[in-house]
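Per-entry structural report
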Amino acid sequence: MASKTKDAFERELRLLVWELRDNPYRRFLVAFLVIWAIPFLTIVYLVMHGTEDPSQLSLGSTWLILLLLFVSSVGGGLLALRMLNNILDKLVAYFIRAKRQDELKSRFVATISHELKSPLMVLQTNFSNLSAGFAGQITENQQAIVETCQSVIDRMDQLIVGVLELYKIEAGMITLNLTDCDAAHLLHAQQSEMSSLFAQKGIEVISKIPQSAFPVRWDGPKMSIVFNNLLSNALKHTPGKGTVSTELEVLDDFLKFEIQNTGEQIPKEHLETIFARFEKLHPEMEGYGLGLAISRDIIEAHGGRIWAESRPLKNCFIIYVPKEAGKTNG
Amino acid sequence: MYPRRLGKLMANSEKNILIVEDNRDQAQALAMHAKGMGYLPKIAYDTITALMMLQQFKIDLVILDLGLPGGGGLVMLENMKKSFKTYDIPVVVLTAKIEAASEQKAREKGASEYFIKPCSMEKLFGAIDAILQPPAKK
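Fair warning: this is a prediction, and the values are worked out from it, not measured in the lab. (Residues numbered from 1 in each chain as written. Chains lettered and ligands numbered in written order. Predicted model: local features only at pLDDT ≥ 70, side-chain atom pairs only at ≥ 80, totals over all residues.)

Here's the deal with the overall build of chain B
Heads up, the condition is: Working definition: helices are DSSP H or I runs of at least four residues, strands are E runs of at least two. Numbering for both runs from the N terminus. Put plainly, a residue is buried at 20 or more neighbouring C-beta atoms within 10 Å of its own, exposed at 12 or fewer, and partly exposed in between, counting only other residues' C-beta atoms, which are placed from the backbone. Working definition of a contact: two residues with C-beta atoms, positioned from the backbone, lying within 7 Å.
Within chain B, the secondary structure is distributed over six helices and five strands. Beginning at the N terminus, the succession of helices and strands in chain B can be written as α-β-α-β-α-β-α-β-α-β-α. When each of the 138 residues of chain B is scored for burial, the buried share is 38%. Within chain B, counting contacts between residues at least 6 apart in sequence, those at least 24 apart form 59% of the total.

As for the interface of chain A and chain B
The accessible area lost on association of the parts is a frequent measure of interface size. The following threshold applies: Asp, Glu, Lys and Arg are counted as charged, while Ala, Val, Leu, Ile, Met, Phe, Trp, Tyr, Cys and Pro are counted as nonpolar; the rest, among them Gly, fall into the polar class.
Chain A puts 19 residues into the contact, and the matching count from chain B is 16 residues. Sorting the residues of the side of chain A that touches chain B by element identifies helix H2 (59-132) and helix H3 (140-170) of chain A as the ones contributing at least two each. Looking at the side of chain A that touches chain B element by element, the count peaks at 14 residues for H2 of chain A. When its residues are assigned to classes, the side of chain A that touches chain B shows nine nonpolar, eight polar and two charged.

Section: unusual backbone geometry
Where the residue is not glycine, phi is negative for most of them; where a peptide bond is considered, it is trans in most cases. Across the junction of Lys117 of chain B and Pro118 of chain B, the peptide omega takes the value -10 degrees, indicating a cis bond. Looking at the secondary structure, you find Pro118 of chain B in the loop between strand E5 (113-116) and helix H6 (121-132). The residue Asp252 of chain A is not glycine, and still its phi comes out positive at about 50 degrees.

Topic: the nonpolar core
Here is the rule: As used throughout, a nonpolar core is a set of buried Ala, Val, Leu, Ile, Met, Phe, Trp, Tyr and Cys residues joined through C-beta atoms within 7 Å of each other.
Residues Leu18, Ile19, Val20 and Leu64 of chain B are the most contacted members of the largest nonpolar core, which totals 37 residues. Taken together, the elements giving at least two residues each to this core come down to strand E1 (16-20), helix H2 (24-36), strand E2 (40-44), helix H3 (47-56), strand E3 (61-64), helix H4 (73-82), strand E4 (91-95) and H6 of chain B. Among the nonpolar cores identified, the runner-up in size contains 30 residues, and Trp218, Phe227, Leu248 and Ile259 of chain A belong to it.

Overview of the confidence of the model for chain B
Residues and elements named next belong to chain B. Note the cut-off: Per residue, pLDDT measures the predictor's confidence, with a range of 0 to 100.
Across chain B, the average pLDDT comes to 86, with 86% of residues at 70 or higher. For chain B, helix H1 (residues 2-12) is the element with the lowest average pLDDT, namely 56, and E3 is the one with the highest, namely 96. For this predicted complex, the interface score ipTM comes out at 0.83, while the overall pTM is 0.60.

What about the environment of Ala132 of chain A?
By secondary structure assignment, the location of Ala132 of chain A is in helix H2. A sequence separation of eleven residues divides Ala132 of chain A from Gln143 of chain A, and the C-alpha atoms of the two residues are 9.2 Å apart.

Points about the sheet that holds strand E7 (residues 314-322) of chain A
Residue and element names in this part refer to chain A. To keep things clear, this is the line we draw: Between any two strands, at least two bridges found by DSSP are needed for them to pair. Axis angles are defined between N-to-C directions and span 0 to 180 degrees, where every axis is a line fitted to C-alpha atoms and, for a helix, only to the segment in contact.
Strand order in the open sheet made by the five strands is E2-E4-E5-E7-E6, with mixed pairing throughout. On the outer flanks of this sheet lie strand E2 (204-208) and strand E6 (305-311), each paired with one strand and no other. Taking the axes of each pair of neighbouring strands and ignoring which way they run, one obtains an average angle of 15 degrees across the sheet. By the bridge criterion, five bridges tie E2 to strand E4 (residues 243-251) in an arrangement that is parallel. Note that in E4 the partner of Glu204 across the bridge is Thr243. The sheet strands contacting helix H4 (residues 183-200) are E2, E4 and strand E5 (254-262), and the helix crosses E4 at an angle near 180 degrees.

Section: the sheet that holds E2 of chain B
Residue and element names in this part refer to chain B. Taken together, five strands build an open sheet; the order of strands is E2-E1-E3-E4-E5 and the sheet is parallel. Looking at strand neighbours, the two that pair on one side only are E2 and E5, the edges of this open sheet. If you compare each strand with its neighbour and ignore which way they point, the axes differ by 20 degrees on average. Note: E3 against E4, three bridges, orientation parallel. Bridging across to E4, Val62 finds its partner in Val91. The sheet contacts of H2 involve E1, E2 and E3, and relative to E2 the element is tilted by about 165 degrees. With respect to the sheet, H3 is in contact with E1 and E2, its orientation differing from that of E1 by roughly 165 degrees.

Some words on the packing of helix H5 (residues 220-237) of chain A against helix H6 (residues 291-301) of chain A
Describing two packed helices takes the angle between their axes plus the distance from one axis to the other. Residues and elements named next belong to chain A. Applicable threshold: Take the far helix as your reference; a near helix turned counterclockwise from it by less than a right angle gives a left-handed crossing, and one turned clockwise gives a right-handed crossing.
Where H5 meets H6, the closest approach of the two axes is 9 Å, and the angle between their N-to-C directions is 145 degrees. Here H5 and H6 pass one another in a crossing that is left-handed. In this structure, H5 contributes Lys222, Met223, Ile225, Val226, Asn229, Leu230, Ser232 and Asn233 to the contact, and H6 contributes Gly291, Leu292, Ile294, Ser295, Ile298 and Ile299.

Structure representation (structure tokens):
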């Protein structure tokens, strides 16, 4: 849907460019030729039929030529003004349309969010009431069923949030809120948040992320989503007693972050497709296949790149992000 | 465990919570939960009724949805903060609006907490408990 919107936008932009450049230009040329053809043909006529020497033209003929020149100049000027007006009208209409489209996109997100999230909240509240015994005592088996339903609600919510996030990115509704932050701190925060989950699965985390500050100008919360997605992926795809290693280094104006995990290698033909939305290597695994797609969008919005590499008995995800988002040169 | 919960229920039993929510199923489920937690819930399905109830009853806290008939929740929040009788009543926003701008506006207009639907009852009522029963000063 989002790409369709993008296509429509592009089509409209092309149409506008054509309207502004080609179409009025041609009209102008035709009008110009028609208007200037009148005095030109008159002069030619007078030269050929009135006298052989143009300097010997009679006073009447000279005035006639001057009058025609004046009329055609005024006509040309008026035509140019009208054309400018048309162009301005079209520009204004274009910007109004673009603004309306933005409003429609925002309304779409708000409506979808409301229509999908509100019923989930009704379910959530009612299940909480059942679980807490506010609607009468329930048995242990019933309690287990209620808890399953609650976890399904959580997953549905994650899906809605993910899809809306992608839509917003693709519809150009997300603007980066760039602030001065510390890349190492962002990574440490995500790692420590997930450390208990890694420990539970018996995964060893080898962190080569320095303690010193790595000052960057990024959208911190969005980059945290990326790091969280990559660490969650590593957690999901690393078998028990496996290893996950993370590394951060500075390369000129870029930061390079690398996360490696032991386990089943990603087949080469999937190294690119795993970044597509709803694409999952193992369909039976938890999640909706949106994490990597969202991560790529966020990284690209910062002017960086993300890709996956398959190494012997390991998988590796690499990110290059400019220290100052958007600045990719020099 | 039981006496502790009983004590909490008794402490809550005099607190009135006004639930302002246009979705009747949601409002009733929230009221049931509030009642279960020992609060005295009241429901208003639109902002006009809610503002009238705020004048009529002694309300200790408002759970407010933002997308409401009769003017949005933000308008109601604004009106509450203008009235001498209601300006200091804490408001907990519970909404499906996910935009950061919406939260910022709500907080600027005086909302104490902002929860995005669906949120767990533990979180919601944890915040409500913290607002209504601040820890005793040492």
